[in-house]
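Descriptive structure summary
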Amino acid sequence: AQTVTQSQPEMSVQEAETVTLSCTYDTSENNYYLFWYKQPPSRQMILVIRQEAYKQQNATENRFSVNFQKAAKSFSLKISDSQLGDTAMYFCAFMKRELNDMRFGAGTRLTVKP
Amino acid sequence: DAGVTQSPTHLIKTRGQQVTLRCSPKSGHDTVSWYQQALGQGPQFIFQYYEEEERQRGNFPDRFSGHQFPNYSSELNVNALLLGDSALYLCASSFMTVGMNTEAFFGQGTRLTVV
């Protein structure tokens, strides 16, 4: 079974600074996807960034980037130039390539302070 | 383009009752997955429907059942409600075909409270 671990229940960062959220996972699969989702108080899960395991290049989406270490089974999210609107719960998720169900970590509550 | 819509947004039920939650997928999506998110936790996969059949199931008892209609919309039914069923129920829609867009779009969820 795949498990996803987020070891930081809460984090805070000053506006305009950079913060890194950690995620590790356990799988015997070779083909899979990894995701970071953001869940603001509105409750809707919003995709932040996606990484395909067969791609060595780390994914980047504007201020968001990942550090994907396949051998170490690590998938961290870096948020640059943090904004107040980044305040939310952040969930790391794993998905086998041939399936569409996702396994989520317990989440990290990020607070951006003015 | 309407995204994933869920109804109702909030619901209060009594222990032992039955509940039905509804989900309409994003236009063009053919697969619906349901997740249970207890307070302070990450979403847990309940099951997934594709072509009107349950394709995958997580570790949930048979009290949790579902259905998918020809228009791809879906229902989640929970029988004999327990206090522990209180949670946010999330619906996500996507494409089943591997190699196509694998991004899952989520609805805003139904907050179920069992008293």
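Look above for the structure.
Residues numbered from 1 in each chain as written. Chains lettered and ligands numbered in written order. Predicted model: local features only at pLDDT ≥ 70, side-chain atom pairs only at ≥ 80, totals over all residues. Heavy atoms only, no water.

**A few points about the pattern of salt bridges**
Residue and element names in this part refer to chain B.
- Following the criterion strictly, the structure yields eight salt bridges over all chains and no others.
- Note that R22 and E75 form a salt bridge whose closest N and O atoms lie 3.4 Å from each other. With a gap of 53 residues between them, R22 in strand β3 (residues 19-24) and E75 in strand β8 (residues 74-78) connect regions that are remote in the sequence.
- You can call E75 buried: its relative accessible area is 18%.
- For E54, the salt bridge goes to R57, with nearest N and O atoms at 3.0 Å.
- Overall, E54 belongs to the partly exposed group, its relative accessible area being 35%. (Salt bridge = Lys/Arg side-chain N within 4 Å of Asp/Glu carboxyl O. Helix = DSSP H or I, 4+ residues; strand = E, 2+ residues; numbered from the N terminus. Buried < 20%, exposed > 50% of the residue type's maximum accessible area, 1.4 Å probe, protein only.)

**A few points about the layout of surface pockets**
- The volume enclosed by the largest pocket comes to roughly 320 Å³.
- Along its surface, the largest pocket is lined by 17 residues, and A:Q39, A:P40, A:M89, A:R109 and B:Q37 are the ones closest to its centre.
- Listing elements by their share of the lining of the largest pocket, those giving two or more residues are β10 (88-96) and β12 (108-113) of chain A.
- With three residues, β10(A) is the largest single contributor of residues to the lining of the largest pocket. (1 Å grid on protein atoms, 1.4 Å probe; cavity = no way out; pocket = protein on both sides within 12 Å on 5 of 7 lines; lining within 4 Å. Points joined across faces, edges and corners; volume = space filled by probe spheres on them.)

**Digging into the sheet that holds β3(B)**
Residue and element names in this part refer to chain B.
- Pairing within the open sheet is antiparallel, and its four strands lie in the order β1-β3-β8-β7. Every interior strand has two partners, whereas the edge strands, β1 (5-7) and β7 (64-68), have only one. Each strand of the sheet is rotated relative to its neighbour by a mean of 20°, with strand direction disregarded.
- Pairing between β7 and β8: five bridges, direction antiparallel. When the bridges of β8 are listed, H67 appears paired with E75. (Pairing = 2+ DSSP bridges. Axes fitted to C-alpha atoms, helices over the stretch in contact; angles between N-to-C directions.)

**Quick notes on the state of the cysteines**
- Inspection of the entire model under this criterion finds two disulfides over all chains.
- Disulfide pairing places A:C23 opposite A:C92 at an S-S distance of 2.0 Å. For the disulfide bridge between A:C23 and A:C92, the dihedral angle about the S-S bond is near -70°, and by the sign convention the bridge is left-handed. Placement of A:C23 in the loop between β3 (19-21) and β4 (24-26) and of A:C92 in strand β10 is noted, with a sequence separation of 69 residues between them. Of the two residues, A:C23 and A:C92, neither departs from the other in class, the shared state being buried.
- Through a disulfide, B:C23 is tied to B:C91; the S-S separation comes to 1.8 Å. Taking the sign of the S-S torsion, -60° for the link of B:C23 and B:C91, the bridge is left-handed. A residue pair is termed long-range when its members are at least 10 positions apart, and B:C23 in strand β3 and B:C91 in strand β9 (residues 87-94) qualify at 68 residues. Residues B:C23 and B:C91 agree in their burial class; the two are buried. (Disulfide = S-S within 2.5 Å.)

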